[in-house]
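# Fold and geometry: a report
Single-letter residue listing:
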Amino acid sequence: MAGSYANAGEYIKHHLTNLTYGQKADGSWGIAHGADEIAEMGFWSINVDSMFFSIGLGVVFLWLFHRAAKKASSDAPTGWQNFVEMMIQFIDESVRGSYSGKSALVAPLALTIFVWIFLLNLMDLIAVDLVPWLGALMGLPYLKIVPTTDPNITFGLSLGVFALVIFYSIKFKGAGGFFAELAFHPFPKYMMPVNLILEGVTLIAKPVSLALRLFGNLYAGEMIFILIALMYSGGMALGIFGGFLQLGWAIFHILVITLQAFIFMTLTIVYLDMASQTEH
Amino acid sequence: MNFNATLIGQMITFAIFVWVCMKYIWPPLIAALEERNARISEGLAAAQRGQQDLEEAEIKVKESLNEAKSQAQEIINQAQKRANEIVDEAKEGAREEADKIKVAATADIDQQVTAAREQLRKEVSSIALAGAEQILKREVDAKAHAAVLDDLVAQI
């Protein structure tokens, strides 16, 4: 499959580049054809593929669960209904276990995060060459199907969570209480600058670690799929070996993508719990 | 890693999805689950109550069975007593009847005996008359008299 590329490096680079839409250097708007053009576009450009699959999978999630929600009743559930209720129960238990307060937002938030991220990650299991190839047929220079391998997506999620953490902190502790927590802890008052730096780093580390953990795991996983795919061009024996490797990695990856979605959800709940706790 | 407006787009998308989930998806599902939980615990409580009712009913059944048994025993005893009474009455009646019959029979026998005696007397007197006739016809002979008298005696 890598045959149509100049070398392995270009193949990998191609598969890890997003389809970006923005203003080019000459002032016209359009899709970027290469890393240089993407760099020229600056911040006000958009990764069309990431957004498309992210929104698409989110809508799929909402549609599937909404179907179950419409038919929800206390009678014996069947089929899809049953699965959805199992998920709801699982999320509800996780939230009850980690979040000590009462909130109408945390549980739906956790559900959205878990299922949505799982679906985004699941795209990783689609053959790495299939989607770029389909994209090429449609005349798109790049097409990356796994949105969670795009840091914009993972940071978008984690910054959303971070905004909620700030909002909950101020809501439950008051602006003063929130500042006091940052300034007068862990050292006494006269060490305020040190406290602010320490606690500030702790606070900032939350969204950054959330986003980078998810991005790093999925990016690395995608990279390994691409490297395995490179082996198919290395002759019969290497190709068969690569097939086994891909199967093994895909099976292992099922675990990874579920785990990453779960970790993101659990940490979100924990962060919000910490934010809403008045006693330290 | 190059950041661009996708970041903002994703944040907006995220907010909208969470809002939709919070508004339209989570509440009906969790409500259904809670309702089912309530129904299940209600059902379990009802089953418990049913069990208790059953036990109480069993005790009641045993009690009424015992009562019925003792009543039946009483009735049987009464019936037996009544039967004995009837038998005794019957015996008494029979005895009276027998006595009556015996009395009647005795009276009858007495009557017949009297009649027989009357007849015997008549016969004896007629025989004595006949003997006296024969004696008067013949000569008085002690020996002959004796013979007649013996004959008489034998006839009586």
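Treat the numbers as computed from the prediction; the structure is a model and nothing was measured.

Cut-off values and rules
Residues numbered from 1 in each chain as written. Chains lettered and ligands numbered in written order. Predicted model: local features only at pLDDT ≥ 70, side-chain atom pairs only at ≥ 80, totals over all residues. Heavy atoms only, no water. Helix = DSSP H or I, 4+ residues; strand = E, 2+ residues; numbered from the N terminus. Buried < 20%, exposed > 50% of the residue type's maximum accessible area, 1.4 Å probe, protein only. Areas by Shrake-Rupley, 256 points an atom, 1.4 Å probe, with all protein chains shown as cover. pLDDT = per-residue confidence, 0-100. Axes fitted to C-alpha atoms, helices over the stretch in contact; angles between N-to-C directions. Parallel < 35°, antiparallel > 145°, perpendicular 65-115°, else oblique. Left-handed = near helix turned anticlockwise from the far one by under 90°. Nonpolar A, V, L, I, M, F, W, Y, C, P; charged D, E, K, R; others polar. Expected span 1.5 Å × (residues − 1). Bend = angle between axes of the 7 residues up to and from the residue. Phe/Tyr/Trp six-rings, centres within 6.5 Å; stacked < 30°, edge-to-face > 60°. Pairing = 2+ DSSP bridges. Contact = heavy atoms within 4.5 Å. Buried area = accessible area lost by both parts, 1.4 Å probe. Salt bridge = Lys/Arg side-chain N within 4 Å of Asp/Glu carboxyl O.

On to the overall build of chain A, then. On a plain count of helices and strands, chain A comes out with nine helices and three strands. Traced from its N-terminal end to its C-terminal end, chain A shows the element sequence α-β-β-α-β-α-α-α-α-α-α-α. With the principal axes as the frame, chain A shows a C-alpha extent of 65 × 55 × 40 Å. Within chain A, the proportion of its 280 residues that are buried is 46%. A total accessible area of about 13500 Å² is found for chain A, and carbon and sulfur atoms account for 71% of it.

A few words now on the confidence of the model for chain B. Taken over all residues, the pLDDT of chain B has a mean of 89, while the share at 70 or more is 94%. Among the scores for the predicted complex, ipTM is 0.88 and pTM is 0.75.

A separate point is the packing of helix 7 (residues 151-183) of chain A against helix 8 (residues 192-230) of chain A. A pair of packed helices can be characterised by two numbers: the angle between their axes and the separation between those axes. Residues and elements named next belong to chain A. As a packed pair, helix 7 and helix 8 sit with axes 8 Å apart at the nearest point and diverge in direction by 155°. By the criterion of interaxial angle, the relationship of helix 7 to helix 8 is roughly antiparallel. Helix 7 and helix 8 meet at a crossing whose hand is right-handed. Taken together, the residues of the contact of helix 7 with helix 8 break down into 21 nonpolar, three polar and two charged.

Its 132 residues place the ends of helix 1 (residues 6-137) of chain B 187 Å apart at the C-alpha level, agreeing with the 196 Å of an ideal helix rising 1.5 Å per residue. Along its length, helix 1 of chain B shows its largest kink, about 40°, at Met22(B).

Residue and element names in this part refer to chain A. According to the stated counting rule, one finds 18 aromatic pairs over all chains in the structure shown. Each ring, one from Trp249 and one from Phe252, has its centre 5.3 Å from the other, and the planes form 40°; the classification is tilted. Highlighted residues: Trp249 and Phe252, both in helix 9 (residues 236-276), separated by three residues, approximately one helical turn. Grouped by ring-pair contacts, the aromatic residues Phe61, Phe65, Trp80 and Phe83 constitute a single cluster.

The next thing to look at is the pairing of strand 1 (residues 20-23) of chain A. Residues and elements named next belong to chain A. In this structure, strand 1 lies alongside strand 3 (residues 45-47), joined through three bridges in antiparallel fashion. Residue pairing across strands places Tyr21 opposite Ile46, the latter belonging to strand 3. Direction of pairing for strand 1 relative to strand 2 (residues 29-31): antiparallel, over a ladder of three bridges. Counted as the bridge partner of Gln23 is Trp29 from strand 2. Linking strand 1 back to strand 2 in an antiparallel pair, the connection comprises five residues, with Gly27 at a positive phi of about 100°.

Before going further, it helps to spend a moment on the interface of chain A and chain B. Interface extent is often summarised as the accessible area lost during association of the parts. Across the boundary between the two partners, chain A contributes 54 residues, which contact 30 residues of chain B. Each partner contributes to the roughly 3600 Å² buried at the junction of chain A and chain B, and carbon and sulfur atoms together form 75% of this total. Where chain A packs against chain B, one counts three salt bridges. For Asp75(A), the salt bridge is made with Arg39(B), and the minimal N-O distance between the two is 3.2 Å.

Our next topic: the pattern of salt bridges. For the structure shown, the criterion picks out eight salt bridges over all chains. With its nearest N and O atoms 2.9 Å apart, the salt bridge here joins Asp92(A) to Arg96(A). Highlighted residues: Asp92(A) and Arg96(A), both in helix 4 (residues 79-98), separated by four residues, approximately one helical turn. Taking relative accessible area as the criterion, Asp92(A) reaches 16% and is therefore assigned buried. Arg95(B) is paired through a salt bridge with Glu92(B); the nearest N and O atoms lie 3.6 Å apart.

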